[in-house]
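Read off the chains here:
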Amino acid sequence: MAKRQSLHGEWSSRWAFILAATGSAVGLGNIWKFPYITGENGGGAFVLVYLLCIALVGIPIMIAEIMLGRLGRRSPINTMRHLVREARANPRWQYLGWLGVVAGFLILSYYSVIAGWAMAYFFRVASGMFDGADADQVTAAFDGLLASPEVLLAWHTIFMLMTMLVVARGVRAGLEAAVRLLMPLLFVLLAVMVGYAMSTGVFMDGVRFLFEPDFSRLSGTSVLVAMGHAFFTLSLGMGAIMIYGSYLPQNASIAQAGFWIAGADTLVALMAGLAIFPIVFANGLEPGAGPGLIFVTLPIAFGNMPAGTLFGALFFLLLVFAAWSSAISLIEPAVTHLVEDHGQSRIQACVKAGLATWLLGIGTVLSFNWWADIKVFGKTFFDALDFLTANIMLPLGGLFIAIFAGWVLSRRDSERELGGDHLGYRLWHFTVRYVSPLAVFVVFLRSIEVI
Ligand code: PHE
């Protein structure tokens, strides 16, 4: 296969790529979603299934996705087009690229609204709004936010502007510069939060909740949720990692990068759990509170602890940073597609993609108030989008990426990209051929009864 160069630029080094991909992976998924779905699904047993999904499905597919990206060096759509042509495969494989572009656009539309909650909460906590507040007051404050479409829309608009501003500046001046600043900050803030949780005196309750498996609390849906979340949290199955891989210098080791990214992402999720659950337990709150977990339980705790205003503000700032570095990767596939196939400048492409995402986001904004009673399959607009993307589109995208990399792409190509026919390569090849597709397929089959 001929060597190609990306039209959009390249990361300045392998580490810049690892940082950017970790920035994509670490996001609302780790700090907002992981703790609340762990709480809803009973703790330890769910965490164990999730870790298994990361190891058996997530990491091999991460390596496959980076590899396909670097081989194609174009938008996910054109990367697939190119690889299909080279492999003389069925042209329908191109739809895999489309699936990714559409999934990213759908996810960002609601992701930005939730990131907006985090921004609102940064200001709320910093202003001392929750000082001495009790559970009823904090719940009322959260309900009040969800009931105000204009406030949600304002924050959603600001977050979309922040995102598109970075993306418009391009690969190095935008994406790379942003993650260089945001990622170290995020790690420091999170470490401070875990340190704080250790001082609550009930740290070990949090540890037990996360790591002591009780399988009786694991339902059929839990397994689907765990697998969907493994894809979501690693940003897999939708072309974000593929497009980031397309900017990876040719001499960098893909497998090593994949392990670093998945490792860092898992570490952050577990640290977020260790920061949040002790605070929840210390205040006698419910771990299974759902999407509002960190927006209701944490402010109660922050409002009633020493230096809570400071730590609370730091926590929500952290959440905004994490969401920001993920959001840019959700829209990058669509932007590169508009640049490559519609002859747009990067700025024009950003305006179009950003505007379309912003518009669709209004649906999520309204699903918490005016449209709260409009349900599709028993789900609100937001719940339906979340379920469709995280639990269906991403695993499906990941399944096809594994099949393409394992069965359609020639062994010669994957071997060359992954550094030769050594034991690690064979292990990977076997896993993407058999283990990962089978695991995704089985979980899917099981979930058909529960949908
Ligand atoms: N991984 C991000 C998170 O955990 C979300 C995301 C999904 C980003 C898919 C890009 C692609 O918040």
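Note that the coordinates shown come from a computational prediction; the quantities given were computed from them, not determined experimentally.

Engineer: Looking at this structure, how should I read the packing of aromatic side chains?
Structural biologist: For any two aromatic rings, the description comes down to two numbers: the centre-to-centre distance and the angle of the planes. Scanning the entire structure with this criterion turns up 31 aromatic pairs. Arranged with centres 5.3 Å apart and planes meeting at 55°, the rings of Trp 32 and Tyr 36 form a pair that is tilted. Of the two residues, Trp 32 and Tyr 36 both sit in helix α2 (residues 28-40), four residues apart, roughly one turn of that helix. Judged on exposure class, the residue Trp 32 and its partner Tyr 36 are both buried. Here the guanidinium or amino end of Lys 33 rests over the ring plane of Phe 232, the centre of that ring lying 4.4 Å away. Stacked on the ring of Trp 407, the Lys or Arg Arg 433 has its end atom at 3.8 Å from the ring centre.

Engineer: Looking at this structure, I do not really get the site of the ligand. What am I missing?
Structural biologist: The immediate surroundings of the ligand are formed by 15 residues, with Ala 25, Gly 29, Tyr 111, Phe 232 and Ser 235 found nearest. In the environment of the ligand, an oxygen atom lies 3.3 Å from a nitrogen or oxygen atom belonging to the side chain of Asn 30. Within the contact set of the ligand, a nitrogen atom lies 2.7 Å away from a backbone nitrogen or oxygen of Phe 232. For the ligand, whose unbound accessible area comes to 320 Å², protein coverage reaches 100%. The site holding the ligand turns out to be the largest cavity. Mapped onto the shell around the ligand, the elements with two or more residues apiece are α1 (14-25), α2, α10 (220-233) and α14 (308-341). Residues belonging to the shell around the ligand are distributed by class as follows: seven nonpolar, eight polar and no charged.

Engineer: How should a nonpolar patch on the surface be read in this particular structure?
Structural biologist: A cluster of nonpolar side chains, contributed by Tyr 95, Trp 98 and Val 102, occupies part of the molecular surface with about 300 Å² of accessible area. Residue placement: Tyr 95 occurs in helix α5 (residues 95-126).

Engineer: When you look at the layout of surface pockets in this model, what are you seeing that I'm missing?
Structural biologist: Any empty space left between the atoms is revealed when a probe the size of a water molecule rolls over them. Here the largest pocket defines a volume of roughly 410 Å³. Contributing to the lining of the largest pocket are 20 residues, with Tyr 36, Ile 37, Glu 40, Asp 383 and Asp 386 lying nearest its centre. Elements with a contribution of two residues or more to the lining of the largest pocket: α2, α10 and α16 (381-408). A total of five residues in the lining of the largest pocket trace back to one element, the largest contributor, which is α16. Of the residues assigned to the lining of the largest pocket, the class counts are nine nonpolar, six polar and five charged.

Engineer: Is there a simple way to think about empty space enclosed by the protein in this case?
Structural biologist: Under the criterion given, the structure shown has four cavities of 30 Å³ or more. What the largest cavity holds in volume is close to 130 Å³. Taken together, 15 residues line the largest cavity, and the ones lying closest to its centre are Ser 24, Tyr 111, Phe 232, Ser 235 and Leu 330. Among the elements of the structure, α1, α5, α10 and α14 are those that each provide at least two residues to the lining of the largest cavity. Sort the elements by how many residues they give to the lining of the largest cavity and α14 lands first, with three residues. Broken down by class, the residue content of the lining of the largest cavity amounts to eight nonpolar, seven polar and no charged.

Engineer: Where do I start with unusual backbone geometry in this structure?
Structural biologist: Where the residue is not glycine, phi is negative for most of them; where a peptide bond is considered, it is trans in most cases. Even without being glycine, Arg 88 reaches a positive phi, approximately 50°. Relative to the helices and strands, Arg 88 resides in the loop between α4 (76-87) and α5. Among the residues examined, Arg 88 registers a relative accessible area of 76% and is labelled exposed. Positioned with a positive phi, Phe 377 is a non-glycine residue whose angle comes to about 50°. Note on placement: Phe 377 falls in the loop between α15 (346-367) and α16. Residue classification places Phe 377 among the exposed positions, given a relative accessible area of 81%.

Engineer: I keep staring at the packing of helix α6 (residues 135-146) against helix α13 (residues 293-303) and nothing clicks. Help me out?
Structural biologist: Angle between the axes and distance between the axes are the two parameters that describe a pair of packed helices. Following both chains from N to C, one finds α6 and α13 inclined at 140°, their axes separated by 9 Å at the closest point. The angle between the axes of α6 and α13 places the two elements in the oblique class. Note on packing geometry: the crossing formed by α6 with α13 is right-handed. In this structure, α6 uses Ala 135, Val 138, Thr 139 and Phe 142 to contact α13, whose residues at the interface are Phe 295, Val 296, Pro 299 and Ile 300. A per-class count over the contact of α6 with α13 returns seven nonpolar, one polar and no charged.

Engineer: What's the story with α1 in this structure? I'm lost.
Structural biologist: One turn of the α-helix equals 3.6 residues, which is why residues spaced by three or four share an orientation. In this model, α1 (12 residues) spans 16 Å end to end at C-alpha, consistent with the 16 Å of a helix rising 1.5 Å per residue. Of all 12 residues in α1, nine are buried, a share of seventy percent or more. When we look at burial in α1, the residues that qualify are Ala 16, Phe 17, Ile 18, Ala 20, Ala 21, Thr 22, Gly 23, Ser 24 and Ala 25. Of the residues that open α1, the one with a side-chain oxygen 3.2 Å from the backbone nitrogen of Trp 15 is Ser 13.

Engineer: Is there a simple way to think about the packing of α2 against helix α12 (residues 254-282) in this case?
Structural biologist: Two elements in contact, α2 and α12, have axes whose closest approach is 9 Å; the angle formed by their N-to-C orientations is 65°. Viewed along their axes, α2 and α12 form a crossing whose handedness is right-handed. In this structure, α2 contributes Asn 30, Ile 31, Phe 34, Pro 35, Thr 38 and Gly 39 to the contact, and α12 contributes Asp 265, Val 268, Ala 269, Leu 270, Ala 272, Ile 276 and Phe 277.

Rules behind the numbers
Residues numbered from 1 in each chain as written. Predicted model: local features only at pLDDT ≥ 70, side-chain atom pairs only at ≥ 80, totals over all residues. Heavy atoms only, no water. Phe/Tyr/Trp six-rings, centres within 6.5 Å; stacked < 30°, edge-to-face > 60°. Helix = DSSP H or I, 4+ residues; strand = E, 2+ residues; numbered from the N terminus. Buried < 20%, exposed > 50% of the residue type's maximum accessible area, 1.4 Å probe, protein only. Lys NZ or Arg CZ within 6 Å of the ring centre and 35° of its normal. Near = heavy atom within 4 Å. Polar contact = N/O pair within 3.5 Å; in protein donor to acceptor, adjacent residues only side chain to side chain. Areas by Shrake-Rupley, 256 points an atom, 1.4 Å probe, with all protein chains shown as cover. 1 Å grid on protein atoms, 1.4 Å probe; cavity = no way out; pocket = protein on both sides within 12 Å on 5 of 7 lines; lining within 4 Å. Sits in = over half its atoms within 2 Å of the grid points. Nonpolar A, V, L, I, M, F, W, Y, C, P; charged D, E, K, R; others polar. Patch = residues over 30% accessible without salt bridge, like charges linked within 9 Å, V, L, I, M, F, W, Y side chains within 5 Å. Salt bridge = Lys/Arg side-chain N within 4 Å of Asp/Glu carboxyl O. Points joined across faces, edges and corners; volume = space filled by probe spheres on them. Axes fitted to C-alpha atoms, helices over the stretch in contact; angles between N-to-C directions. Parallel < 35°, antiparallel > 145°, perpendicular 65-115°, else oblique. Left-handed = near helix turned anticlockwise from the far one by under 90°. Contact = heavy atoms within 4.5 Å. Expected span 1.5 Å × (residues − 1).

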